[in-house]
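Residue-level structural notes
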Amino acid sequence: MVDSARSAAVPAFDTSVWRVLGNPLIGSESGCETGAPLHGLTVAVKDLYDVAGFAVGAGIPEYLREQSVATESAPALRSLLGAGASVRGIAQTDEFAYSIAGANVHYGTPPNPRVPAGLPGGSSSGPAAAVALGHADIGLGTDTAGSIRVPASYQGLWGLRSTQDAVNRSGLLPLAPRFDAVGWLTRSPVVLRAAVDASVESHLQRIAPQKYVVAASVVFGLEDDVQAAFLGTASRLPVDLVDVGDIAALFRAFRTVQAAEAWQIHGGWVRAHPGVLGPDVAARFAWASQVTGSADRAARGVLGVARERLDHILNDRVLLLPSTTSTAPHRDNDPARLDRTRSSTLALTCLAAIGGYPALSAPLLSVGRAPLGLCLVGPRFSDLALVDAASDLAGVLS
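Quantities reported herein were computed from a predicted structural model and do not represent experimental measurements. (Residues numbered from 1 in each chain as written. Predicted model: local features only at pLDDT ≥ 70, side-chain atom pairs only at ≥ 80, totals over all residues. Heavy atoms only, no water.)

**Some points on the packing of aromatic side chains**
To keep things clear, this is the line we draw: Aromatic contacts are taken between Phe, Tyr and Trp rings whose centres are within 6.5 Å, Trp giving its six-membered ring; a plane angle under 30 degrees counts as stacked, one over 60 as edge-to-face, and the others as tilted. The secondary structure listing takes helices from DSSP runs of H or I that are at least 4 residues long and strands from runs of E that are at least 2 residues long, numbered from the N terminus. Relative accessibility thresholds used throughout: buried, under 20% of the residue-type maximum; exposed, over 50%; partly exposed, between the two (1.4 Å probe, protein chains only).
As enumerated under the stated definition, the model contains seven aromatic pairs in all. Aromatic side chains phenylalanine 96 and tryptophan 269 sit 5.6 Å apart centroid to centroid with 85° between the ring planes, which places their arrangement in the edge-to-face category. A residue pair is termed long-range when its members are at least 10 positions apart, and phenylalanine 96 in the loop between strand S4 (86-91) and helix H3 (125-132) and tryptophan 269 in helix H8 (residues 247-272) qualify at 173 residues. In this structure phenylalanine 96 comes out as buried when scored by relative accessible area, which is 1%. Residues tyrosine 98 and phenylalanine 285 carry aromatic rings whose centres are separated by 5.0 Å and whose planes lie at 75° to one another, so their mutual orientation is edge-to-face. In this pair, tyrosine 98 sits in the loop between S4 and H3 while phenylalanine 285 sits in helix H9 (residues 279-288), placing the two residues 187 residues apart along the sequence. Using a relative accessible area of 3% as the deciding quantity, one classes tyrosine 98 as buried. Through successive ring pairs, a cluster of aromatic residues spans Tyr63, Phe96, Tyr98, Trp263, Trp269 and Phe285.

Written out as structure tokens, the structure is:
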């Protein structure tokens, strides 16, 4: 095993993907029970979760050096271990998970096997790349504003943001607790369903009705190629149109609350370590430091109204939308262009975060040869039903 916090040798695997590697790093808690649902499967753990015997690095070497070693693993990880999985290693993340690009100035940018010149998507970039490369079967990540769904979309993976609080979040370094959720990335819906089933309490699971809706404002705001891919699929399904409100206004409110919470949690460390963060993440924290209490309260009011509207829409229906507003951006895109892509995508992904809804990115769309996720947002605690619905759609659309 290798851990930069333990001054051990560098692993042969790509260090832009892995921070710590083992074979396994941690064994299954079910031993050799072949009947365990995740028997023989391996997990890449995002470097935000407590892993027994290791410190959390959050994508920042300086932060890693200052942290204590965890005495026990986070409950979300223990659920997978108890179901028969083992830990392959601890995988990289964007700094403090405050990004959806997948780039890291300290460790490099993980590869995107499906779009070799493209970004992998973040902030669950390491687990996503590990799964896409076949180095692990399950990526245990997080999704605050799309950090499961974006890499899933860019790399053609199955990725689920769970219903917020359906999975115990203790032992997880937060970014914005109002929106943070546990999530998983896999190459198949079968493995995803098994991981979800092992992790979400059975009494919290309820079936989501198989009625689909599309938000007109989402469709009309998409770029032509993404719009064509999405409408080409949606037109083959029985869907109704709904109004989710002013998406731009919702994104502004979401961004404000997220920033306020991120600064409250990490601002002290950021202020005490000037010049450590990459330019993009540093700029986000600089903006976050300027969010006033009145702005935060006003934004929370906007989100409260939006949540009521979305609760009504999703009461007996599933919202369909593209997981991202583009396929994987080129690694060499200029920062201004990447920021525009980030903002437009977050305006879609924040809808699930606002209400704490489960949201699944299924690799059912494409633009040319590049994958694009179809996102299903369902009522709270419809996590398993979304996986089943998307699996059915995969059969229908094929």
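**Comments concerning the pattern of salt bridges**
The condition is simple: Within this document, salt bridges are pairs made up of a side-chain nitrogen of Lys or Arg and a carboxyl oxygen of Asp or Glu, the two lying within 4 Å of each other.
On inspection of all chains with the given rule, the structure shows twelve salt bridges. A salt bridge links aspartate 243 to arginine 309; the nearest nitrogen and oxygen atoms lie 3.6 Å apart. Taken together, the residues span a long stretch of sequence, with aspartate 243 in the loop between strand S9 (239-242) and H8 and arginine 309 in helix H10 (residues 293-313) at a distance of 66 residues. The class for arginine 309 is partly exposed, based on a relative accessible area of 39%.

**Let's talk about the packing of H10 against helix H11 (residues 335-355)**
Rules: Helix axes use the C-alpha atoms of the stretch in contact, all axes being lines fitted to C-alpha atoms, and the angles between their N-to-C directions lie in the range 0 to 180 degrees. In what follows, roughly perpendicular refers to angles from 65 to 115 degrees, roughly parallel to angles under 35, roughly antiparallel to angles over 145, and oblique to any angle outside these ranges. In what follows, a contact means two residues having at least one pair of non-hydrogen atoms within 4.5 Å. Each residue gets one label: Ala, Val, Leu, Ile, Met, Phe, Trp, Tyr, Cys and Pro are nonpolar, Asp, Glu, Lys and Arg are charged, and the others, such as Gly, are polar.
Between H10 and H11, the least distance of the axes is 9 Å, while the angle of their chain directions is 90°. The orientation of H10 relative to H11 falls into the category roughly perpendicular. Here H10 contributes Leu303, Ala306, Arg307 and Leu310 to the contact with H11, which in turn contributes Leu351, Ile354 and Gly355. The residue inventory of the contact of H10 with H11, partitioned by class, reads five nonpolar, one polar and one charged.

**Remarks on helix H7 (residues 224-234)**
To keep things clear, this is the line we draw: The directions from the helix axis to the C-beta atoms form the arc being described.
Of the positions making up H7, those classed as buried are Val226, Ala229, Phe230, Thr233 and Ala234. The arc enclosing the buried residues of H7, seen along the axis, measures out at 125°, which places them on a common side. Facing away from the buried side of H7 by more than 90 degrees, the exposed set consists of Asp224 and Ala228.

**A closer look at the layout of surface pockets**
Empty space among the atoms can be located by rolling a probe the size of a water molecule over them. Applicable threshold: In this analysis a 1.4 Å probe is tested at points of a 1 Å grid over the protein atoms alone, and where it fits but cannot get out there is a cavity; an open set with protein on both sides within 12 Å along at least five of seven lines is a pocket; lining residues have an atom within 4 Å of a point. Grid points are joined across faces, edges and corners, and a volume is the space filled by probe spheres set on the points.
Here the largest pocket is characterised by a volume of approximately 430 Å³. Taken together, 19 residues make up the lining of the largest pocket; nearest its centre are Asp280, Arg284, Pro335, Leu338 and Asp339. At the level of secondary structure, the elements contributing two or more residues to the lining of the largest pocket comprise H9 and H11. In terms of residue count, the dominant contributor to the lining of the largest pocket is H11 (five residues). Taken together, 15 residues line the second largest pocket, and the ones lying closest to its centre are Glu223, Ser326, Thr327, Arg337 and Thr341. Of all elements in the fold, only H7 and H11 reach the threshold of two or more residues within the lining of the second largest pocket. With four residues, the single largest contributor to the lining of the second largest pocket is H11. Partitioned by chemical class, the residues of the lining of the second largest pocket number four nonpolar, seven polar and four charged.

**Digging into the environment of aspartate 311**
Tracing the backbone through its elements, the reader meets aspartate 311 in helix H10. Sequence-wise, aspartate 311 and tyrosine 63 are 248 residues apart; in three dimensions their C-alpha atoms are separated by 39 Å. Once residues lying within four places of it in the same chain are set aside, the contact partners of aspartate 311 are Tyr357 and Arg380.

**Details of the confidence of the model for the chain**
Short version of the rule: Per-residue confidence from the prediction method is given by pLDDT, with values spanning 0 to 100.
Of the residues in the chain, 93% reach a pLDDT of 70 or more, and the chain-wide mean stands at 93. Counting contacts from residues 1-12, a segment whose pLDDT is below 50, to residues more than four positions away or on other chains yields 24 contacts.

**Considering the pairing of strand S11 (residues 359-367)**
Where we set the bar: One requirement defines pairing of two strands: DSSP has to find at least two bridges between them.
Relative to S11, strand S6 (residues 158-161) runs antiparallel, the two sharing three bridges. Within S11, the residue paired with arginine 161 across the bridge is alanine 359. Pairing geometry for S11 and strand S12 (residues 370-377), over seven bridges, is antiparallel. Counted as the bridge partner of alanine 362 is leucine 374 from S12. With antiparallel pairing between neighbouring strands as the criterion, S11 and S12 make up a hairpin whose turn holds two residues, including glycine 368 at a positive phi of roughly 65°.

**Points about the pairing of S4**
For S4, the buried fraction is high: six of the six residues fall into the buried class. As defined by bridge partners, strand S2 (residues 18-26) adjoins S4 across four bridges and the pair is classed as antiparallel. Bridge pairing in S4 links leucine 21 to glycine 89.

**Re the environment of alanine 55**
Position of alanine 55 among the secondary structure elements: in the loop between strand S3 (42-46) and helix H1 (61-66). The contacts of alanine 55, once residues within four sequence positions are left out, are Arg19, Asp47, Leu64, Gln67, Ser68 and Val69.

**A short note on unusual backbone geometry**
Residues asparagine 23 and proline 24 are joined by a peptide bond in cis, for which omega reads -5°. Topologically, proline 24 is positioned in strand S2. Omega for the peptide link from glycine 122 to serine 123 comes to 5°, which places this bond in the cis form. Along the chain, the position of serine 123 falls in the loop between S4 and H3. Non-glycine residue aspartate 165 carries a positive phi angle of around 75°. Tracing the backbone through its elements, the reader meets aspartate 165 in the loop between S6 and strand S7 (182-186). If you check the backbone angles, phenylalanine 381 has positive phi at about 70° while not being a glycine. In this fold, phenylalanine 381 is placed in the loop between S12 and helix H12 (383-397). The partly exposed category is assigned to phenylalanine 381, whose relative accessible area is 25%.

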